[in-house]
Amino acid sequence: MRAYLTVVVGGGVPQNLERTVRFDARPLIFNTSLTPARNVRHRIKSAIFPIPLPDDFDQSIAPEEETGGNLVGAHQNAQMMGIVEDYVPDEQVEDIKIGKSQQGVYTWGIVTYEDVFGESHTTRFCQRLTWLPPENRVFGYYIPGRDDAD
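What comes next concerns the included structure. This is a predicted model, so every value here is computed, not measured. (Residues numbered from 1 in each chain as written. Predicted model: local features only at pLDDT ≥ 70, side-chain atom pairs only at ≥ 80, totals over all residues. Heavy atoms only, no water.)

Details of the overall build of the chain
The condition is simple: The way it works is that DSSP assigns letters per residue, a run of H or I at least four long becomes a helix, a run of E at least two long becomes a strand, and they are numbered from the N terminus. Put simply, the radius of gyration uses C-alpha atoms, and a globule should come to 2.2 Å times the residue count raised to 0.38. Any two residues whose heavy atoms approach within 4.5 Å are treated as being in contact.
Helix and strand content of the chain: one helix and 10 strands. Each helix (α) and strand (β) of the chain, taken in turn from the N terminus, gives the series β-β-β-β-β-β-α-β-β-β-β. Its C-alpha radius of gyration of 16 Å places the chain within 12% of the 15 Å reference for a compact globule of 150 residues. A principal-axis box enclosing the C-alpha atoms of the chain has dimensions of 50 × 35 × 25 Å. Once local pairs closer than 6 in sequence are excluded, the contacts in the chain between residues at least 24 apart make up 71%.

Structural data, given as structure tokens:
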């Protein structure tokens, strides 16, 4: 059996201007197989976009933004982190966190890896995050038509 990597909703941090913290998403790369994935690399972005995500959304990420090169063992995971580039106005933060706004925190990317047979594989993902009160527990939505794996 070859390694098969999927990306699941992990965690995230909501924006907090007092602490100079921007929204970020922390999806998990999860190896669902019985063999390790080698040379695991990823590219990830996060941003605030309209809900629902526009059909013309460009999911590409520049190759030079790739990081990693690690091993993910069988049934193990690795965390990624995509930080939103800009702050949103303070008065919009709570509505974005709970999904009440017309905008949401999205994260998307690509994971590339090699199986034990030396073959290369790719997994693409796209998710939207919300933070559930009162503990700010992260809940995510997979965006239809935006996930793919070979």
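Here the narrative resumes.
Points about the packing of aromatic side chains
Counted only if it meets this: Aromatic pairing here means that ring centres of Phe, Tyr or Trp (its six-membered ring) are within 6.5 Å. Orientation follows from the plane angle: under 30 degrees is stacked, over 60 is edge-to-face, and everything else is tilted. Think of it in three bands: with a 1.4 Å probe and only protein chains considered, a residue is buried below 20% of the maximum accessible area for its type, exposed above 50%, and partly exposed in between. By definition, being over a ring means that NZ of Lys or CZ of Arg is both within 6 Å of the ring centre and within 35 degrees of the ring normal.
Applying the stated criterion to the full structure yields six aromatic pairs. Relative to Phe57, the ring of Phe49 lies with its centre 5.2 Å away and its plane at 70 degrees, an arrangement referred to as edge-to-face. Using a relative accessible area of 25% as the deciding quantity, one classes Phe49 as partly exposed. For Phe57, a relative accessible area of 9% corresponds to the buried category. Feature note: the residues Phe49, Phe57, Tyr106 and Trp108 constitute an aromatic cluster, connected by ring pairs. The lysine or arginine in question, Arg128, covers the ring of Tyr141, its NZ or CZ lying 4.4 Å from the ring centre.

Considerations on the pairing of strand β2 (residues 24-31)
Our working rule: Whether two strands pair comes down to DSSP finding at least two bridges between them.
Strand direction decides the pairing type here: strand β1 (residues 5-13) and β2, joined by seven bridges, are antiparallel. Paired with Val8 across the bridge in β2 is Leu28. Pairing between β2 and strand β6 (residues 82-83): two bridges, direction antiparallel. Residue pairing across strands places Asp24 opposite Ile83, the latter belonging to β6. As defined by bridge partners, β2 adjoins strand β5 (residues 77-79) across three bridges and the pair is classed as antiparallel. When the sheet's bridge partners are listed, Ile29 is paired in β5 with Ala78.

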